[in-house]
Amino acid sequence: MPPAASETLTLALADACHEPLGATEPYGESDGVVRMIVTEQAFAVLLLGNTLKTITVLQINYLG
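Please read these numbers as outputs of a predicted model, since none were measured by experiment. (Residues numbered from 1 in each chain as written. Predicted model: local features only at pLDDT ≥ 70, side-chain atom pairs only at ≥ 80, totals over all residues. Heavy atoms only, no water.)

Asks: When you look at helix α1 (residues 3-18) in this model, what are you seeing that I'm missing?
Replies: For an α-helix, 3.6 residues make a turn, and residues three or four places apart therefore share a direction. Look at α1: 23 Å from first C-alpha to last across 16 residues, which is about the 22 Å you get at 1.5 Å a residue. Of the positions making up α1, those classed as buried are A5, L9, A12 and A16. Within α1, the buried residues cover an arc of 60° as seen down the axis, which keeps them to one side. Facing away from the buried side of α1, by more than 90 degrees, are the exposed residues P3, A4, E7, L11, C17 and H18. (Helix = DSSP H or I, 4+ residues; strand = E, 2+ residues; numbered from the N terminus. Expected span 1.5 Å × (residues − 1). Buried < 20%, exposed > 50% of the residue type's maximum accessible area, 1.4 Å probe, protein only. Arc of directions from axis to C-beta.)

See below:
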């Protein structure tokens, strides 16, 4: 992944660490557990763990 696309995705992931639901979009049905970050050149699918306050990256795709 080119540096610019990587940096944008990294910043979006950092935002998700502070505000998981506000910085992400639903992935399919809005269940508050599986979420997605979409940038201009990439997207990531995330699993939010509410009990332990964790975010697990399930998938990253580069679209460029």
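Asks: Hey, could you run me through the sheet that holds strand β4 (residues 54-62) in this one?
Replies: Within a sheet, adjacent strands bond to each other through the backbone by hydrogen bonds, running parallel or antiparallel. In spatial order, the strands read β1-β2-β3-β4; together these 4 strands make up an open sheet with antiparallel pairing. Sheet topology places β1 (25-26) and β4 at the edges, where each strand pairs with a single neighbour. Here strand β2 (residues 34-38) pairs with strand β3 (residues 42-49) via 5 bridges, running antiparallel. Its bridge partner being in β3, R35 is matched across the sheet by L46. Those strands touched by α1 are β2, β3 and β4, and its axis lies near 155° from that of β4. (Pairing = 2+ DSSP bridges. Contact = heavy atoms within 4.5 Å. Axes fitted to C-alpha atoms, helices over the stretch in contact; angles between N-to-C directions.)

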